Amino acid sequence: MFGLATLKGMSRVNDNVHWATDVMKGSAVGYLSAKGVKYLYDLADQKLRNDNPDIKI
């Protein structure tokens, strides 16, 4: 998935649609957003498991 995103970003820079800094900032926002969502998901999952130990997932 990262490879496809990299190729897309490179093509946008090559076609003069975006500057390289735009693509790098966009990739950083996407990466950090995904990390934040995963962290919040893991936190909620842990809390749900601690509140309901009988649930087997």
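Let's talk about the overall build of the protein
What the protein contains, in helices and strands, is two helices and zero strands. Taken over 57 residues, the protein has a buried fraction of 2%. On the protein, roughly 5,400 Å² of surface is accessible, and the fraction owed to carbon and sulfur atoms is 66%.

Details of helix H1 (residues 2-14)
Helix length check: H1 (13 residues) gives 18 Å between terminal C-alpha atoms against 18 Å at 1.5 Å per residue, within 8%. Within two residues after H1, Asn 16 carries a phi angle of roughly 60 degrees, on the positive side.

Comments concerning the pattern of salt bridges
Summed over all chains, the structure comprises two salt bridges. Residue Asp 42 pairs with Lys 38 through a salt bridge whose shortest N-O separation is 2.8 Å. Taken together, the residues Asp 42 and Lys 38, both in helix H2 (residues 20-51) and four residues apart, mark about one turn of the helix. In this structure, Arg 49 and Asp 45 form a salt bridge, with 3.1 Å as the shortest nitrogen-oxygen distance. Here Arg 49 and its partner Asp 45 are both found in helix H2, four residues apart, which amounts to about one turn of the helix. The class of Arg 49 is partly exposed, set by a relative accessible area of 37%.

Focus: unusual backbone geometry
Notably, Asn 16 is not glycine yet its phi reads approximately 60 degrees, a positive angle. Examined against the element boundaries, Asn 16 turns out to sit in the loop between H1 and H2. Owing to a relative accessible area of 69%, Asn 16 belongs among the exposed residues under this scheme.

Here we look at a nonpolar patch on the surface
A surface patch of nonpolar side chains, amounting to about 530 Å² of accessible area, comprises Met 1, Leu 4, Leu 7 and Met 10. Structurally, Leu 7 is set in helix H1. Look at Leu 7 and you get exposed, because its relative accessible area is 55%.

Parameters and conventions
Residues numbered from 1 in each chain as written. Predicted model: local features only at pLDDT ≥ 70, side-chain atom pairs only at ≥ 80, totals over all residues. Heavy atoms only, no water. Helix = DSSP H or I, 4+ residues; strand = E, 2+ residues; numbered from the N terminus. Buried < 20%, exposed > 50% of the residue type's maximum accessible area, 1.4 Å probe, protein only. Areas by Shrake-Rupley, 256 points an atom, 1.4 Å probe, with all protein chains shown as cover. Expected span 1.5 Å × (residues − 1). Salt bridge = Lys/Arg side-chain N within 4 Å of Asp/Glu carboxyl O. Patch = residues over 30% accessible without salt bridge, like charges linked within 9 Å, V, L, I, M, F, W, Y side chains within 5 Å.

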